[in-house]
Amino acid sequence: EAGVTQSPTHLIKTRGQQATLRCSPISGHTSVYWYQQALGLGLQFLLWYDEGEERNRGNFPPRFSGRQFPNYSSELNVNALELEDSALYLCASSFDPGDTQYFGPGTRLTVL
Amino acid sequence: AQSVTQLDSQVPVFEEAPVELRCNYSSSVSVYLFWYVQYPNQGLQLLLKYLSGSTLVESINGFEAEFNKSQTSFHLRKPSVHISDTAEYFCAVSLANAGGTSYGKLTFGQGTILTVHP
């Protein structure tokens, strides 16, 4: 069974641009979660989508947004990129809300 | 608000020695507890979890953790480590409200880098 997949693996952008990160959950999983792992800040919860709806949001500005598609895949958009947005962005999925979360390999975003 | 504290940022040990990675959490409501492992340049892999039932949980590769509600701890142990156990380990907590509805998010500790020396 395929795990959580994320694309692209690496993404390089310049300050002010927009970045789009993609995630495909494990087959049968309906919840998708996004986390940011920035140097010195640890792993921080960004967003939770379930059944196409945003269910919870972490302490991030509105320029971090996303959506979940009917096939349960998800997109994370970061607008007006800032240097401090450089981080590893991890996507996770679970079968039910609150169930065990399984993580993908991450997308490394570098903002120059 | 809940928080997770991993008491050691780095733990160096020799191969075949025992190890304990400490994790404490603060929460007044029911929690689910997890340990994840992250190898360099990779995502997080689930190591083990406590949802309910027996307070001692084990992984397939020899790790175990014990949920201690009175001490609000979930320490990770292995009686004999291998070089391949070198990685960063994260303790995480998932909360639910009084009605059992999950908030969805995991709150992570800052991580413990385990380095196993030959």
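This write-up is about the structure you can find in this document.

**Looking at the overall build of chain A**
Then, in step 1: In terms of helices and strands, chain A carries zero helices and 11 strands.
Then, in step 2: Its helices and strands in sequence order give chain A the pattern β-β-β-β-β-β-β-β-β-β-β, from N to C terminus.
Then, in step 3: In terms of overall size, chain A behaves like a compact globule, its C-alpha atoms giving a radius of gyration of 13 Å where 112 residues would be expected to give roughly 13 Å.
Then, in step 4: Burial statistics for chain A: of 112 residues in total, 50% are counted as buried.
Then, in step 5: Taking contacts inside chain A between residues at least 6 apart in sequence as the whole, the part at least 24 apart equals 54%.

**Here's the deal with the pairing of strand β12 (residues 112-117) of chain B**
Residues and elements named next belong to chain B.
Then, in step 1: Burial of the side chains of β12 is restricted to one face: Thr112, Leu114 and Val116 are buried, whereas none of Ile113, Thr115 and His117 on the reverse face is.
Then, in step 2: Where strand β2 (residues 10-14) lies against β12, five bridges are found, and the strand directions are parallel. Residue pairing across strands places proline 12 opposite threonine 115, the latter belonging to β12.

**Brief notes about the nonpolar core**
Then, in step 1: Counting 28 residues, the largest nonpolar core has Leu33(B), Trp35(B), Leu48(B), Phe74(B), Leu76(B) and Tyr89(B) as its most contacted members.
Then, in step 2: Take this core: its biggest share by element is five residues, from strand β10 (residues 87-96) of chain B.
Then, in step 3: With sequence-adjacent residues up to four places away left out, Leu48(B) is seen in contact with Leu33(B), Phe34(B), Trp35(B), Val57(B), Glu58(B), Ser59(B), Phe63(B), Glu64(B), Ala65(B), Phe74(B) and Leu76(B).
Then, in step 4: Listed in part, the 22 residues of the second largest apolar core include Leu11(A), Leu46(A), Leu76(A) and Ala87(A).

**A closer look at the interface of chain A and chain B**
Then, in step 1: Each partner contributes to the interface: chain A provides 20 residues, whereas chain B provides 18 residues.
Then, in step 2: Across the interface of chain A and chain B, roughly 1500 Å² is buried in total on both sides, 56% from carbon and sulfur atoms.
Then, in step 3: Interface area lost by chain A to chain B is led by Leu43(A), Thr100(A) and Phe103(A), which between them contribute 33%.
Then, in step 4: Applying the counting rule to chain A against chain B returns five residue pairs in polar contact (both at pLDDT 80 or more).
Then, in step 5: Elements supplying a minimum of two residues to the side of chain A that touches chain B: β4 (31-38), β5 (42-50), β9 (87-94) and β10 (102-103) of chain A.

Cut-offs used in this document
Residues numbered from 1 in each chain as written. Chains lettered and ligands numbered in written order. Predicted model: local features only at pLDDT ≥ 70, side-chain atom pairs only at ≥ 80, totals over all residues. Heavy atoms only, no water. Helix = DSSP H or I, 4+ residues; strand = E, 2+ residues; numbered from the N terminus. Rg over C-alpha atoms; globule rule 2.2 N^0.38 Å. Buried < 20%, exposed > 50% of the residue type's maximum accessible area, 1.4 Å probe, protein only. Contact = heavy atoms within 4.5 Å. Pairing = 2+ DSSP bridges. Core = buried A, V, L, I, M, F, W, Y, C linked by side-chain atoms within 4.5 Å. Buried area = accessible area lost by both parts, 1.4 Å probe. Polar contact = N/O pair within 3.5 Å; in protein donor to acceptor, adjacent residues only side chain to side chain.

Everything listed is a geometric property; what it means functionally is a separate question.
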